[in-house]
Amino acid sequence: APLPSVTMASAGMHNDAGVNIDLYIPRKCSATNRLIHAKDKASIQLNIGHVSADGVYTGEYTTMALCGFIRAQGEADGALDRLFTKRLEDAKRSGLVI
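Since this is a predicted model, take the numbers as computed values, not measurements. (Residues numbered from 1 in each chain as written. Predicted model: local features only at pLDDT ≥ 70, side-chain atom pairs only at ≥ 80, totals over all residues. Heavy atoms only, no water.)

### Remarks on the pattern of salt bridges
Here's step 1: For the coordinates displayed, the defined rule picks out two salt bridges.
Here's step 2: Across the pair Asp-90 and Lys-86 runs a salt bridge whose closest N-O atoms are separated by 3.1 Å. On the criterion of helical spacing, the pair formed by Asp-90 and Lys-86 is a turn pair, its members being four residues apart in helix α2 (residues 76-94).
Here's step 3: We note a salt bridge from Asp-90 to Arg-93, for which the minimum N-O separation is 3.0 Å. Here the residue Asp-90 and the residue Arg-93 both occupy positions in helix α2, the gap between them amounting to three residues, near one helical turn.
Here's step 4: The exposed category is assigned to Arg-93, whose relative accessible area is 63%.
Here's step 5: Here the salt bridges share partners, and the residues they tie into one network are Lys-86, Asp-90 and Arg-93. (Salt bridge = Lys/Arg side-chain N within 4 Å of Asp/Glu carboxyl O. Helix = DSSP H or I, 4+ residues; strand = E, 2+ residues; numbered from the N terminus. Buried < 20%, exposed > 50% of the residue type's maximum accessible area, 1.4 Å probe, protein only.)

### Things to note about the environment of Ile-48
Here's step 1: The residue Ile-48 is located in strand β3 (residues 44-51) in this model.
Here's step 2: When its relative accessible area of 25% is taken as the criterion, Ile-48 is described as partly exposed.
Here's step 3: For the pair Ile-48 and Phe-84, spaced 36 residues apart in the sequence, the C-alpha separation amounts to 9.3 Å.
Here's step 4: Those residues within four positions of Ile-48 in sequence are excluded, and the remaining contacts are Glu-60, Tyr-61, Thr-62, Met-64 and Phe-84. (Contact = heavy atoms within 4.5 Å.)

### A closer look at α2
Here's step 1: Compared with the 27 Å implied by 1.5 Å per residue over 19 residues, the 27 Å span of α2 between its first and last C-alpha is a close match.
Here's step 2: For α2, the full list of buried residues reads Ala-76, Ala-79, Leu-83 and Ala-91. Taken down its axis, α2 places every buried residue within 100° of arc, on the same side. Facing away from the buried surface of α2 by more than 90 degrees, the exposed residues are Asp-77, Asp-81, Arg-82 and Arg-93.
Here's step 3: Elements that come into contact with the buried residues of α2 comprise β4 (57-66) and α1 (68-72).
Here's step 4: Of the residues flanking the end of α2, it is Gly-95, one or two places downstream, whose phi is positive at about 90°. (Expected span 1.5 Å × (residues − 1). Arc of directions from axis to C-beta.)

Right, here's the structure in full:
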């Protein structure tokens, strides 16, 4: 069962044909909601794959970004655990996951 994922398809400026014309779209840290600026070389973005009940990859994924501040504090693993647990609980509550 798929988990809800965040899409950046509507972010930025689009031309008349609907093509994104921005050169840079800033990301936000999933744990702190801070903007991740272009010079933050310690930031990461992870695509976490969804699997079926049989353990087979479904082709869907959830994207999470962490800023360098969280990683420097040594809180990246705890933040990812909290974020994914919250997403899973939200999906269960909405009926997407059994």
